[in-house]
Structures are given as C-alpha cells and as structure tokens.
Amino acid sequence: MIQIAVKTLGTLARGLRVIETIAACQPIGLSALCQELGEDKSALQRTLATLHESGWIRPLPDSPPRWELSTKPLIVAGHALDTSSLPARARPVLAALRDETGETVHLALLDEATIVVVDVAEGRHLVRTALRIGQTHPPETSAAGRALLAHLSPAQRTALCEVPGALLDPAEYERIRARGWSLCEGAVQEGSTSLAAAVTDAGGRPRAAIVVSGPDSRLTPDQYAGIAELLRDAVTRLGEGLR
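Report on the accompanying structure. (Residues numbered from 1 in each chain as written. Predicted model: local features only at pLDDT ≥ 70, side-chain atom pairs only at ≥ 80, totals over all residues. Heavy atoms only, no water.)

1. Considerations on the overall build of the protein
How we decide: Helix numbers and strand numbers start at the N terminus; a helix is a DSSP run of H or I with at least 4 residues, a strand a run of E with at least 2. Burial here depends on accessible area, computed with a 1.4 Å probe over protein chains only, as a share of the maximum for the residue type. Under 20% is buried, over 50% is exposed, and the range in between is partly exposed. Throughout, a residue-residue contact means that at least one pair of heavy atoms, one from each residue, lies within 4.5 Å. The convention is simple: Lys and Arg are positive, Asp and Glu are negative, and His and the chain ends are not counted. Taken as the charge centre is NZ of Lys, CZ of Arg, CG of Asp or CD of Glu, depending on the residue.
Along its length, the protein carries 9 helices and 8 strands. Every one of the 243 residues in the protein was classed for burial, and the buried ones make up 41%. By sequence separation, contacts in the protein at least 24 residues apart represent 50% of the contacts at least 6 residues apart. With 25 positive and 28 negative side-chain charges, the protein shows a spacing of 5 Å between the two charge centroids.

Now the structure itself:
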C-alpha cells in the first residue's frame, strides 16, 4: 500500500463511508444510517445534504426520507472501466472467450485485499452463471482467488485471506501456478464450476484473473483442458505490457 504523508480530510472520508453504507443498505433512513456508522445525526444530515446536492444520492418520497444512490456512481464507474487500461483491453478478450465457450466469462481485479468483479460477458445459454459488477470473490475458495494466490508467497496468501485455515496446501498452489489455471467445483456456489487464470505483470505480480463459469452439468471435466488452454492464451495476451 502506498503511504501519502499528508493529513486526510475527515469530512470526505465520512462522505465516502456514507455512500458505501447507502449502497449496501439502500434504501436507508437517517436514524438507521447513524446506527450503521456510529455518527451523530447533525453531522450525517450535512453529509446527506451535500451528497444530494452533488447528485450522488436521492431521497425516496417517504417521511422522514430514506436514501438510495443515484445513477451517478454507475456513470463514474462506467467511465473508470472504459478508460482503465486493463479492463478496457480485457473487454474484447472476455467477449471472444465467451463466444468460444458459450459460458459466462468475467474479469476480477485484485485490489489490495479484495478480489472484485469489474466486467462480465454473459453466457449464451438460458441457464448460466450470473454475476454482477462489484461482486467480490472469497480468495480461499474461488477459482479467481486460487489463481491469484498461486502467484503470491505463503505469507502474502495468509495476509490476504479472512480464513487462512481454508487455504489450499502450498503444493497445490505450486501445481496451479505451474499448469496456469485453477478450478472451483461448487465451493462458492453449489452446482457451479469455474476455471480461472491469473493475469500477471512483467514482474510476475498477479493483477487480475479471467474466469469461465457455468453449471457443472455442462462444464464437465472433459472440457477443462480445452478451456484452460483458452484461458492461458487470454491472460498471456492481457499480461503483455503490464508493469
């Protein structure tokens, strides 16, 4: 983590916490928001008024009002994904992989201690794996997490995980790294199978994972080798030029 030696703004930090809490609990009223954040009403009323005036939140026609996010966070997130180099470069790669496999394909970024879905190419089948942008993956059990952890040291893996006891044996991570892909059979979502490969930069640091997911009735072991080869090719292309 980069440390910046300047004093931070408490009011800005409060505003960001309010946005995050509204997103998680919306719609939510002032009293409930105070309980969630442990803040007093007067401070939060000013923050809500500022966020409303700036277009980040909107009130429902309740009395007293309950708050929800406006569309502005979605617009900002969309601009960020369109202009961020890795997600922007990954979009056609995800679409091509979806077309080749017929299954849902997504990109998950490693953001400090969080593995978050940033883009999804929906599968072509009526019954398919459903993911939403912003969804997070458990590093210990998800295919994305296992692929990324395979490129970290044992100490880094432990620091990243909430349940270190759920980590795989170190030899298994070495096996994942050597073959270039990981597997999750129902550990995160019952009846769903996922294969993933890590996108690494020039220094070998894991930056993201590409994941192919589908029902285990369709994504069967006889398909693993073919999908794994496609994944390895995809992450190699995306990793070129990353620093």
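2. Comments concerning the packing of helix H2 (residues 30-37) against helix H3 (residues 41-53)
Rules: Note on definitions: angles span 0 to 180 degrees between N-to-C directions of axes, and those axes are lines fitted to C-alpha atoms, for helices only across the stretch in contact. Throughout, the term roughly parallel applies to angles under 35 degrees, roughly antiparallel to angles over 145, roughly perpendicular to angles from 65 to 115, and oblique to all others. Helix crossings fall into two classes, left-handed where the near helix is turned counterclockwise from the far one by less than a right angle and right-handed where it is turned clockwise. Note that Gly is not counted as nonpolar here; it falls among the polar residues with everything else outside the nonpolar set of Ala, Val, Leu, Ile, Met, Phe, Trp, Tyr, Cys and Pro and the charged set of Asp, Glu, Lys and Arg.
Interhelical geometry of H2 versus H3 gives an angle of 110 degrees and a closest axis separation of 10 Å. In terms of orientation, H2 lies roughly perpendicular with respect to H3. At the point where H2 passes H3, the crossing takes the right-handed sense. Along the contact surface, H2 presents Leu-30, Ser-31, Leu-33, Cys-34 and Leu-37, while H3 presents Lys-41, Leu-44, Gln-45 and Leu-48. Split into classes, the residues belonging to the contact of H2 with H3 amount to 6 nonpolar, 2 polar and 1 charged.

3. A few points about the pattern of salt bridges
What counts here: By convention in these notes, a salt bridge is any Lys or Arg side-chain nitrogen within 4 Å of a carboxyl oxygen on Asp or Glu.
Counted under the stated rule, the structure contains 11 salt bridges. Taking the shortest distance from any N to any O, the salt bridge between Arg-14 and Glu-39 comes out at 3.5 Å. With Arg-14 in helix H1 (residues 10-25) and Glu-39 in the loop between H2 and H3, this residue pair connects regions lying 25 residues apart in the sequence. The shortest N-O distance in the salt bridge between Glu-103 and Arg-218 comes to 2.7 Å. Taken as a pair, Glu-103 in the loop between helix H5 (85-101) and strand E4 (104-111) and Arg-218 in the loop between strand E8 (206-215) and helix H9 (224-239) lie far apart in primary sequence, 115 residues in all. What makes Arg-218 partly exposed here is its relative accessible area of 23%. Taken together, the salt bridges that share partners define one network made up of Arg-14, Arg-17 and Glu-39.

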